[in-house]
Amino acid sequence: MADFLSGYSIQYWLESCPQGYLEDTEYGHAAGVGEPELVLADGLLREQAIKVTTQLVVGERCALAASSGLINAAPDEAAKRFLATQTLDEARHVEIFTQRLYDLGVGKGDLESTLREHANPNLVKFAETMLEKVDAKDFIPGVVGQNIILEGMAFSVFEMMHAANQKLNPKFGQTLSGTIADERRHVGFGENYIGALIKQHPEKKAEIEKMQKEMSYYMLATFADQFSGDENRAELDEMRKKAREAAGDGAPEGQWQGRNLADLDPEQMEGLLSNTVIGEFKTRLGRIGIDYQTPVRP
Ligand SMILES: [Fe+2]
Ligand SMILES: [Fe+2]
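In short, a report on the structure. (Residues numbered from 1 in each chain as written. Chains lettered and ligands numbered in written order. Predicted model: local features only at pLDDT ≥ 70, side-chain atom pairs only at ≥ 80, totals over all residues. Heavy atoms only, no water.)

**Here we look at the packing of aromatic side chains**
Thinking step 1. Applying the stated criterion across every chain, the model contains eight aromatic pairs.
Thinking step 2. Plain terms: the ring middles of phenylalanine 82 and phenylalanine 189 are 4.2 Å apart, the flat faces sit at 15 degrees to each other, and that makes the pair stacked. Linking phenylalanine 82 in helix 5 (residues 77–103) with phenylalanine 189 in helix 9 (residues 170–200), this pair joins segments that are 107 residues apart in sequence.
Thinking step 3. With centroids separated by 5.4 Å and ring planes inclined at 75 degrees, the aromatic side chains of tyrosine 217 and tyrosine 218 adopt a geometry described as edge-to-face.
Thinking step 4. Residue class for tyrosine 217 comes out partly exposed when judged on its relative accessible area of 28%.
Thinking step 5. Counting every residue linked through ring pairs, the aromatic cluster contains Tyr8, Phe82, Phe139, Phe189 and Tyr193.
Thinking step 6. Positioned over the ring face of phenylalanine 155 is arginine 284, at 5.8 Å from the centre of the ring. (Phe/Tyr/Trp six-rings, centres within 6.5 Å; stacked < 30°, edge-to-face > 60°. Helix = DSSP H or I, 4+ residues; strand = E, 2+ residues; numbered from the N terminus. Buried < 20%, exposed > 50% of the residue type's maximum accessible area, 1.4 Å probe, protein only. Lys NZ or Arg CZ within 6 Å of the ring centre and 35° of its normal.)

**Things to note about unusual backbone geometry**
Glycine aside, residues mostly have negative phi, and peptide bonds are mostly found in the trans state.
Thinking step 1. Here aspartate 24, not a glycine, exhibits a phi torsion of approximately 70 degrees, which is positive.
Thinking step 2. Inspection of the secondary structure assignment puts aspartate 24 in the loop between helix 2 (10–21) and strand 1 (25–26).
Thinking step 3. Exposure remark for aspartate 24: the relative accessible area of 71% places this residue in the exposed category.

**Considering the coordination of the iron ion (ligand 1)**
Thinking step 1. The coordination sphere of the iron ion (ligand 1), as far as protein atoms go, consists of Glu60 (OE), Glu60 (OE), Glu90 (OE), His93 (ND1) and Glu183 (OE), spread over 2.0 to 2.8 Å.
Thinking step 2. The metal-metal distance between the iron ion (ligand 1) and the iron ion (ligand 2) is 3.2 Å, with glutamate 90 serving as a donor to both. Taken together, the positions of glutamate 60 in helix 4 (residues 43–71) and glutamate 183 in helix 9 put the pair 123 residues apart, joining distant regions of the chain. The burial state of glutamate 60 is the same as that of glutamate 183; both residues are buried. (Donors = N, O, S within 2.8 Å, 3.2 Å for Na, K, Ca; no water.)

**Regarding the coordination of the iron ion (ligand 2)**
Thinking step 1. For the iron ion (ligand 2), every protein donor is listed as Glu90 (OE), Glu151 (OE), Glu183 (OE) and His186 (ND1), and the spread of their distances is 1.8 to 2.2 Å.
Thinking step 2. Each of the four donor atoms bound to the iron ion (ligand 2) contributes to angles spanning 90 to 169 degrees, and the resulting shape is irregular.
Thinking step 3. Expressed as a motif, the donor residue spacing for the iron ion (ligand 2) is E-x60-E-x31-E-x2-H. (Tetrahedral: all angles 85-135°; square planar, octahedral: opposite > 155°, others 65-115°.)

**Regarding the side chain of histidine 186**
Thinking step 1. Inspection of the secondary structure assignment puts histidine 186 in helix 9.
Thinking step 2. Excluding anything up to four places from it in sequence, histidine 186 contacts Phe82, Gln86, Asp89, Glu90, His93, Asn147 and Glu151. (Contact = heavy atoms within 4.5 Å.)

**Considerations on the pattern of salt bridges**
Working definition: two side chains of opposite charge can pair if their charged atoms are close together.
Thinking step 1. This model, assessed by the stated rule, comprises 16 salt bridges.
Thinking step 2. The salt bridge involving aspartate 138 is made with lysine 204; its shortest N-O contact spans 2.8 Å. Within this pair, whereas aspartate 138 is found in the loop between helix 7 (121–135) and helix 8 (139–165), its partner lysine 204 is found in the loop between helix 9 and helix 10 (205–227), the two being separated by 66 residues in sequence.
Thinking step 3. Residue class for aspartate 138 comes out buried when judged on its relative accessible area of 16%.
Thinking step 4. For lysine 204, a relative accessible area of 19% puts it in the buried group.
Thinking step 5. In this structure, the salt-bridge partner of glutamate 191 is arginine 284, at a minimum N-O distance of 2.9 Å. Here glutamate 191, found in helix 9, pairs with arginine 284, found in helix 12 (residues 266–287); they are 93 residues apart in sequence, far enough to count as distant. (Salt bridge = Lys/Arg side-chain N within 4 Å of Asp/Glu carboxyl O.)

**A closer look at a negative patch on the surface**
Thinking step 1. The grouping of Asp237, Glu238, Glu245 and Asp265 at the surface amounts to a negative patch.
Thinking step 2. Counting through the fold element by element, aspartate 265 comes out in the loop between strand 4 (259–260) and helix 12. (Patch = residues over 30% accessible without salt bridge, like charges linked within 9 Å, V, L, I, M, F, W, Y side chains within 5 Å. Areas by Shrake-Rupley, 256 points an atom, 1.4 Å probe, with all protein chains shown as cover. Lys, Arg positive; Asp, Glu negative; His and termini not counted. Charge placed at Lys NZ, Arg CZ, Asp CG, Glu CD.)

**Some details on the packing of helix 5 against helix 8**
In a packed pair of helices, the relevant descriptors are the angle between the two axes and the axis-to-axis distance.
Thinking step 1. Axis separation between helix 5 and helix 8 bottoms out at 14 Å; the angle between their running directions is 40 degrees. One way to sum up the angle between helix 5 and helix 8 is to call them oblique. Every pair of crossing elements has a handedness; the one defined by helix 5 and helix 8 is left-handed. On helix 8, the residues touching Phe82, Leu83, Gln86, Glu90 and Phe97 of helix 5 are Phe139, Gln146, Asn147, Glu151 and Phe158.
Thinking step 2. When the residues that make up the contact of helix 5 with helix 8 are grouped by side-chain class, the tally is five nonpolar, three polar and two charged. (Axes fitted to C-alpha atoms, helices over the stretch in contact; angles between N-to-C directions. Parallel < 35°, antiparallel > 145°, perpendicular 65-115°, else oblique. Left-handed = near helix turned anticlockwise from the far one by under 90°. Nonpolar A, V, L, I, M, F, W, Y, C, P; charged D, E, K, R; others polar.)

And the structure:
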């Protein structure tokens, strides 16, 4: 196990992350790049950006609680050190997305109330299901919940958001690409490290599968809340129309998973995202010897 873990050392982290792709960034983006005028000036676009960023802060706070909480439950020193680097990554993610809320005009004194107002209750349940394992110092399910389920979801969501925002909002696009690079490392650790532990503890499988099924349910319910419902659809359509007008020439949204996002309606976007994340879950869980459990459809 020592070999592959050298790719998860603090030395590796320093060289690739703070001294690598994050060098010269400020809150995750190039210095001096701000939110686009259009987003700041338009009430609906600004409100939408605040709502979406709230979910990112909620998810990243949960990841911070999980990665720090798992350090003392980890069975060996190399895993503890990796989780220490991950703890700093997650704290950074909380900070950069919180900073985005401030950049969007949320007052510092209004941060917690803004988060409470907009946090998706299904996303909160998703997080709580995993944090129960962390709080119980139940290491194997905790790592699967955090580094495979939560981060597998985050990875795909960030990638899709990156494709949708890259042209319209370079600042947010840059913030996301550094985060995606971090998440790739975190997901890799989950897959590479935990498979061997599950082999040693096959009695943990049933508990992990139960947690995965529950988390998947709340995840799909979160996606449904974000994309469907008449009000959401109308809002999303209106928002994208404005973005398209502002972009002038060409579609403002990019390619993701072989589709042009600008061609998809909200329901199709939800379907593409859900199918992508579930496909990734199946692959990653398969690699660690866990069978994906299909939840009831929310
Ligand atoms: Fe994160
Ligand atoms: Fe992460």
